[in-house]
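So the chains spell out like this:
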Amino acid sequence: MVRILNIAKNTFFTLLICLMTACFGDKEQKEYTPWGTVVGEEYTDSADTETLSVGDLQSQGEMIMLTISGPETYYDYHGQGMGLHFLLCEKLAQRIGVKLRVDLCKDTLEMKKKLLNNEGDIIACPVNDKDLFECGPKWAVNKENVSLQNEIKAWYKPNMLQEIKKYQQNLLANGGVTRKVYAPIINREKGLISRWDHLFKKYSSIPRLDWKLMAAQCYQESCFDPKARSWAGACGLMQIMPSTGALLGLEKNDIYNPERNVSAAARYMAQLMKEFDDIDSQYDRICFALASYNGGKYHVRDAMALARKNNQNPNRWAHVSAYILKLAQPQYYNDPVVKYGYMRGTETHDYVERIMNRWREYGGKIPRTVQGYSGYDGPSTQPTINTSGAVPRPAKKKHRFSEQ
């Protein structure tokens, strides 16, 4: 009872003090909201009206790069960013101590608009605009962002672009895979292709493919080296990316395990074969799946869209493969029907051709009904292809400080 009375007594005196302060205190004293604005005054989000200094970028942990798709600017390569300006901007982000996020734009006008609206921090491609501050390798930042301007001035050296170009060439050499090269076949007479034949035979039933096709694909990926690794992080016999492996249930610690690596690749090929179940020809479906395994299904869908637009059959590899190659040309990767931009099409085209040729050399069971197909059946009557998705993840949040 005494404790209750004391609590009531303390509460009474607290209320009395608050009342006296309200009555006799400074009439000009202002009340503030928890986020620091005066009660009754309109709240303005500074992130929408002010540029972000280097310190602000470090606080939020990321820098947004605005650019356009292209071999010199940015493109997706086996799930990794590539392009001279992207790699150089990544170095700048590392210096500042933040992650780099890419927002692909249609043109210079869109990049400028986003930069001035504080939807991005730097335009990382050659620009020439009097309303922006040019810096580094003809990049641009907001004129009001003096902090970032000074950071780039202190960091950039004229020889950096050439160094990055050499670095990129080294990464792309031979697909950037470190591996031992084993013989493509052990004994043709005995039908022995590799020491891993038992794995290909065991797991090829998952995607319902000839085991010799999996062997041909494995040789193209790793030359049968179970310890092969690419600069992008692809690992093992079938060069599985850790992120892809995680989606397939392949633990990172098991990614070099030959059996589990091949098993994961088989499940991935099964997914890709299903992705193209709108393709009636088994032969063509295999080619589309292999192309997607190497270059990504979204780029393959872009090539199919181009084939359709140009009155070719989007369901025949003989037609679509030509547009896989053309996705390296500006007039094609900038076409409105293309959603995912530039592609190193030569590599993907050669990847499919080499695997299919090696499959034949291994005596594979190639579907005969369309083997060597080169005719044209007329426009496709298949439903419109779904090209939803995003590579890379765009920076289109309403509020850039909201949680990821």
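Within each chain, residue numbers correspond to sequence positions counted from 1 in written order. The predicted origin of the model limits local features to residues at a pLDDT of at least 70 and limits the giving and counting of side-chain atom pairs to 80 or more, whereas totals for whole chains, interfaces and linings rest on all residues. Values reported for side chains reflect all heavy atoms of the structure, with hydrogen atoms and water molecules removed beforehand.

### So, empty space enclosed by the protein
Right, so step 1: In the cavity and pocket records, a cavity denotes points on a 1 Å grid over the protein atoms alone where a 1.4 Å probe fits but cannot get out, a pocket denotes an open set with protein on both sides within 12 Å along at least 5 of 7 lines, and lining residues are residues with an atom within 4 Å of a point. Grid points are joined across faces, edges and corners, and a volume is the space filled by probe spheres set on the points. What the rule picks out here adds up to three cavities of 30 Å³ or more.
Right, so step 2: The volume enclosed by the largest cavity comes to roughly 80 Å³.
Right, so step 3: Considering the residues around the largest cavity, the lining is formed by Asp76, Tyr77, His78, Asn294, Gly295, His299, Met343, Arg344, Glu347 and Thr348.
Right, so step 4: For this scheme, ten residues count as nonpolar: Ala, Val, Leu, Ile, Met, Phe, Trp, Tyr, Cys and Pro. Four count as charged, namely Asp, Glu, Lys and Arg, and the remainder, Gly too, count as polar. For the lining of the largest cavity, the per-class residue count stands at two nonpolar, five polar and three charged.
Right, so step 5: Empty space within the second largest cavity amounts to approximately 50 Å³.
Right, so step 6: Partitioned by chemical class, the residues of the lining of the second largest cavity number two nonpolar, five polar and one charged.

### Concerning unusual backbone geometry
Outside of glycine, negative phi angles account for most residues, and trans bonds account for most peptide bonds.
Right, so step 1: The backbone phi angle of lysine 138 is positive, close to 60°, even though this residue is not glycine.
Right, so step 2: You can see lysine 138 is positioned in the loop between strand 6 (132–135) and strand 7 (139–142).
Right, so step 3: Classification of residues uses two cut-offs on accessible area relative to the type maximum, computed with a 1.4 Å probe and protein chains only: under 20% is buried, over 50% is exposed, and between them is partly exposed. Residue classification places lysine 138 among the partly exposed residues on the basis of a relative accessible area of 48%.
Right, so step 4: Phi at arginine 208 takes a positive value of approximately 60°, unusual for a residue other than glycine.
Right, so step 5: A run of DSSP states H or I qualifies as a helix once it reaches four residues; a run of E qualifies as a strand once it reaches two. Both are numbered from the N-terminal end. Looking at the element boundaries, arginine 208 is found in the loop between helix 7 (197–203) and helix 8 (211–222).
Right, so step 6: Residue arginine 208 is classed as exposed on the basis of its relative accessible area of 73%.

### A short note on the pattern of salt bridges
Right, so step 1: By salt bridge we mean one thing: a side-chain nitrogen of Lys or Arg within 4 Å of a carboxyl oxygen of Asp or Glu. Tallied over the entire structure, the rule returns 16 salt bridges.
Right, so step 2: Between lysine 114 and aspartate 103 there is a salt bridge whose closest N-O contact spans 3.0 Å. Within this pair, whereas lysine 114 is found in helix 4 (residues 108–116), its partner aspartate 103 is found in strand 4 (residues 99–104), the two being separated by eleven residues in sequence.
Right, so step 3: For aspartate 280, the salt bridge is made with arginine 316, and the minimal N-O distance between the two is 3.0 Å. Of this pair, aspartate 280 sits in the loop between helix 10 (258–275) and helix 11 (282–295) while arginine 316 sits in the loop between helix 12 (297–309) and helix 13 (317–326); the two residues are 36 residues apart in sequence, bridging distant segments of the chain.
Right, so step 4: Here the salt bridges share partners, and the residues they tie into one network are Glu275, Asp278, Lys297 and Arg301.

### Some thoughts on the packing of aromatic side chains
Right, so step 1: Ring pairs shown here join Phe, Tyr and Trp side chains whose ring centres sit within 6.5 Å, with only the six-membered ring taken for Trp; geometry is labelled stacked below 30 degrees between planes, edge-to-face above 60, and tilted in between. Overall, the coordinates contain 13 aromatic pairs when judged by the stated rule.
Right, so step 2: Between tyrosine 77 and tryptophan 231 the ring centres are 6.1 Å apart and the planes differ by 5°, which places this aromatic pair in the stacked class. With a gap of 154 residues between them, tyrosine 77 in strand 2 (residues 75–77) and tryptophan 231 in the loop between strand 9 (229–230) and helix 9 (242–247) connect regions that are remote in the sequence.
Right, so step 3: Exposure remark for tryptophan 231: the relative accessible area of 28% places this residue in the partly exposed category.
Right, so step 4: On the basis of an interplanar angle of 70° and a centroid distance of 6.3 Å, the ring pair of tyrosine 323 and tyrosine 332 is categorised as edge-to-face. Here tyrosine 323 matches tyrosine 332 in class, with each residue buried.
Right, so step 5: Pairwise contacts between aromatic rings join Tyr75, Tyr333 and Tyr342 into one cluster.
Right, so step 6: Two conditions define a charge sitting above a ring: the NZ of Lys or the CZ of Arg must be within 6 Å of the ring centre, and it must be within 35 degrees of the ring normal. Cation over ring: lysine 91 sits above tyrosine 167, and NZ or CZ is 5.4 Å from the ring centre.
Right, so step 7: The ring of tyrosine 323 carries the charged tip of lysine 326 above its face, separated from the ring centre by 4.8 Å.

### Some points on helix 11
Right, so step 1: Any helix carries an expected span of 1.5 Å times its number of residues minus one. Here helix 11 is 14 residues long and its end C-alpha atoms lie 20 Å apart, about the 20 Å a rise of 1.5 Å per residue gives.
Right, so step 2: The element helix 11 is largely enclosed, with a buried count of 13 among its 14 residues.
Right, so step 3: Among the residues trailing helix 11, glycine 296 stands out with phi positive, at a value near 100°.

### Side note on the confidence of the model for the protein
As a note on interpretation, predicted positions should not be read in detail where pLDDT is low.
Right, so step 1: Summary of the metric used: pLDDT quantifies the predictor's per-residue confidence within the range 0 to 100. Of all residues in the protein, 78% attain a pLDDT of 70 or more, and the chain-wide mean is 83.
Right, so step 2: Residue contacts are defined here by distance: any two heavy atoms, one from each residue, within 4.5 Å place the two residues in contact. Across residues 1–8, confidence stays below pLDDT 50; counting only partners more than four residues off in sequence or on other chains, it has zero contacts.
Right, so step 3: Confidence over residues 32–49 falls short of pLDDT 50; this stretch has 16 contacts with residues more than four positions distant or in other chains.

### Overview of the packing of helix 13 against helix 15 (residues 345–361)
For any two helices packed against each other, one specifies the inter-axial angle together with the distance between the axes.
Right, so step 1: The angle between two axes is taken between their N-to-C directions and runs from 0 to 180 degrees, where each axis is a line fitted to C-alpha atoms and a helix contributes only its stretch in contact. Following both chains from N to C, one finds helix 13 and helix 15 inclined at 150°, their axes separated by 7 Å at the closest point. Two secondary-structure elements touch here, helix 13 through Trp317, Ser321, Ile324 and Leu325 and helix 15 through Gly345, Thr346, Thr348, His349, Val352 and Glu353.
Right, so step 2: For the contact of helix 13 with helix 15, a count of residues per class yields four nonpolar, five polar and one charged.

### Remarks on the packing of helix 8 against helix 15
Right, so step 1: The geometry of helix 8 relative to helix 15 is characterised by a closest axis approach of 8 Å and an angle of 135° between their N-to-C directions. Here helix 8 lies oblique to helix 15, going by the angle between them. In the packing of helix 8 onto helix 15, the handedness of the crossing is right-handed. Each of Lys212, Leu213, Ala216, Gln217, Tyr219, Gln220 and Glu221 in helix 8 lies in contact with helix 15, whose residues at this interface are Tyr351, Arg354, Ile355, Met356, Arg358 and Trp359.
Right, so step 2: Of the residues in the contact of helix 8 with helix 15, the class split is seven nonpolar, two polar and four charged. Oblique is the label for any angle not under 35 degrees, not over 145, and not in the 65 to 115 range, which are roughly parallel, roughly antiparallel and roughly perpendicular in turn. Note: crossing handedness is left-handed where the near helix turns anticlockwise from the far helix by less than a right angle, and right-handed where it turns clockwise.

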